Amino acid sequence: MIPEKFAVKYRKNASELGYFQQYQKRVQALIGADQTERLVSEALVLITVGGNDFGNNYYLVPFSARSRQYSLLDYVKYLISEYRKLLMKLYQLGPRRVLGTGTGPLGGMPAELAMPGTDGGCSAELQRAASLCNPQLVEMLNEFNGKIGRDVIIGVNTQQMNLDFVNDPEACGVCFQVA
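Notes on the structure in this doc start here. (Residues numbered from 1 in each chain as written. Predicted model: local features only at pLDDT ≥ 70, side-chain atom pairs only at ≥ 80, totals over all residues. Heavy atoms only, no water.)

## Structural notes on the pattern of salt bridges
Where side chains of opposite charge bring their charged atoms close, a pairing between them can arise.
For step 1, the next point in the chain: Tallying each qualifying case throughout the model produces four salt bridges.
For step 2, the next point in the chain: Taking the shortest distance from any N to any O, the salt bridge between Lys85 and Glu82 comes out at 2.9 Å. Taken together, the residues span about one helical turn, with Lys85 and Glu82 both in helix H5 (residues 72-92) at a distance of three residues.
For step 3, the next point in the chain: Across the pair Arg128 and Glu125 runs a salt bridge whose closest N-O atoms are separated by 3.7 Å. (Salt bridge = Lys/Arg side-chain N within 4 Å of Asp/Glu carboxyl O. Helix = DSSP H or I, 4+ residues; strand = E, 2+ residues; numbered from the N terminus.)

Written out as structure tokens, the structure is:
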């Protein structure tokens, strides 16, 4: 078991992979190169795209730099292409079991539901962003796996999972009983 002080915490910035490399070096100093390589290749790595990218970089402020630079469709393509580059670099660092998730139902986040003028409803524009991003993400991950010749990254359309749960919870194994 890895001591808590060596646990990796997710940070959204350009040096994420640098932190992962630092982590590998610290672990290697403890357990050696072979054991570290094995640990990294067998670990389950979670990586997510979309939520902060849309919320903070595209929609947070009216007329953000990204929203002026890209249409929503083009921004989704840009995100997916950047994510692909990040995943290739991650793959080169050794993980072989990666869960790649998109964004959940952005327009239905509690902060969005509480916005004035929404009457407690979801933002159609934010929902649209998620519905455009997630299928393209899963498609890109399938292509990525095909390119490297093995299923390393499993894509998860988290928005669809949430919608499936809301629309048919019993199909997801949740049963409600009225007392």
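What follows picks up the thread again.
## Quick word on the side chain of Asn145
For step 1, the next point in the chain: Along the chain, Asn145 falls in helix H7 (residues 124-148).
For step 2, the next point in the chain: A distance of 3.0 Å separates the side chain of Asn145 from the backbone nitrogen of Val152, its partner in a polar contact.
For step 3, the next point in the chain: In contact with Asn145, other than residues within four places in its own chain, are Arg150, Asp151, Val152 and Ile153. (Polar contact = N/O pair within 3.5 Å; in protein donor to acceptor, adjacent residues only side chain to side chain. Contact = heavy atoms within 4.5 Å.)

## Description of H7
For step 1, the next point in the chain: For H7, spanning 25 residues, the distance from its first C-alpha to its last is 37 Å, which sits close to the expected 36 Å at 1.5 Å a residue.
For step 2, the next point in the chain: Within the sequence span of H7, burial applies to Leu126, Gln127, Ala129, Ala130, Cys133, Asn134, Leu137, Met140, Leu141, Phe144 and Asn145.
For step 3, the next point in the chain: The first or second residue beyond H7 is Gly149, which carries a positive phi of 85 degrees. (Expected span 1.5 Å × (residues − 1). Buried < 20%, exposed > 50% of the residue type's maximum accessible area, 1.4 Å probe, protein only.)

## Quick notes on the sheet that holds strand S1 (residues 45-48)
For step 1, the next point in the chain: An order of S1-S2-S3 is seen for the three strands of this open sheet, with the pairing classed as parallel. Edge positions in the sheet fall to S1 and strand S3 (153-156), since each has one partner strand and no second. This sheet shows a mean twist of 25 degrees between the axes of neighbouring strands, independent of strand direction.
For step 2, the next point in the chain: Of the strand pairs in this sheet, S1 and strand S2 (residues 98-101) are connected by four bridges, and their pairing is parallel. Among the inter-strand pairings, Thr48 is bridged to a residue of S2, identified as Thr101.
For step 3, the next point in the chain: Running over the sheet, H7 touches S2 and S3 and is turned about 165 degrees from S3. (Pairing = 2+ DSSP bridges. Axes fitted to C-alpha atoms, helices over the stretch in contact; angles between N-to-C directions.)

## Some details on the side chain of Gln24
For step 1, the next point in the chain: Examined against the element boundaries, Gln24 turns out to sit in helix H1 (residues 16-31).
For step 2, the next point in the chain: Each residue touching Gln24, except ones within four places of it in the same chain, is listed here: Thr36, Val40 and Leu93.

## Considerations on the nonpolar core
For step 1, the next point in the chain: Counting 32 residues, the largest nonpolar core has Phe54, Tyr83, Leu87, Leu90 and Met140 as the members making the most contacts within it.
For step 2, the next point in the chain: Listed by contribution, the elements that provide at least two residues to this core are H1, S1, helix H3 (51-59), H5 and H7.
For step 3, the next point in the chain: Tallying contributions element by element places H5 first for this core, with nine residues.
For step 4, the next point in the chain: With residues near it in sequence (within four places) discarded, Met140 still touches Ile80, Tyr83, Arg84 and Leu87. (Core = buried A, V, L, I, M, F, W, Y, C linked by side-chain atoms within 4.5 Å.)

## With respect to the packing of aromatic side chains
For step 1, the next point in the chain: Summed over all chains, the structure comprises seven aromatic pairs.
For step 2, the next point in the chain: With 5.0 Å between their ring centres and 25 degrees between their planes, Tyr70 and Tyr78 make a pair best called stacked.
For step 3, the next point in the chain: When its relative accessible area of 22% is taken as the criterion, Tyr78 is described as partly exposed.
For step 4, the next point in the chain: Among the aromatic residues, those joined into a ring-pair cluster are Phe54, Tyr58, Tyr70, Tyr75 and Tyr78. (Phe/Tyr/Trp six-rings, centres within 6.5 Å; stacked < 30°, edge-to-face > 60°.)

## A short note on H1
For step 1, the next point in the chain: For H1, spanning 16 residues, the distance from its first C-alpha to its last is 23 Å, which sits close to the expected 22 Å at 1.5 Å a residue.
For step 2, the next point in the chain: Buried residues of H1: Glu16, Leu17, Phe20, Tyr23, Gln24 and Val27, and no others. The buried residues of H1 occupy an angular sector of 110 degrees when projected down its axis, which confines them to one face. Of the exposed residues in H1, the ones pointing more than 90 degrees away from its buried face are Lys25 and Ala29.
For step 3, the next point in the chain: Structurally, H1 contributes buried residues whose contacts are with helix H2 (33-42) and H5. (Arc of directions from axis to C-beta.)

Scope: geometric values only; no functional claims are made or implied.
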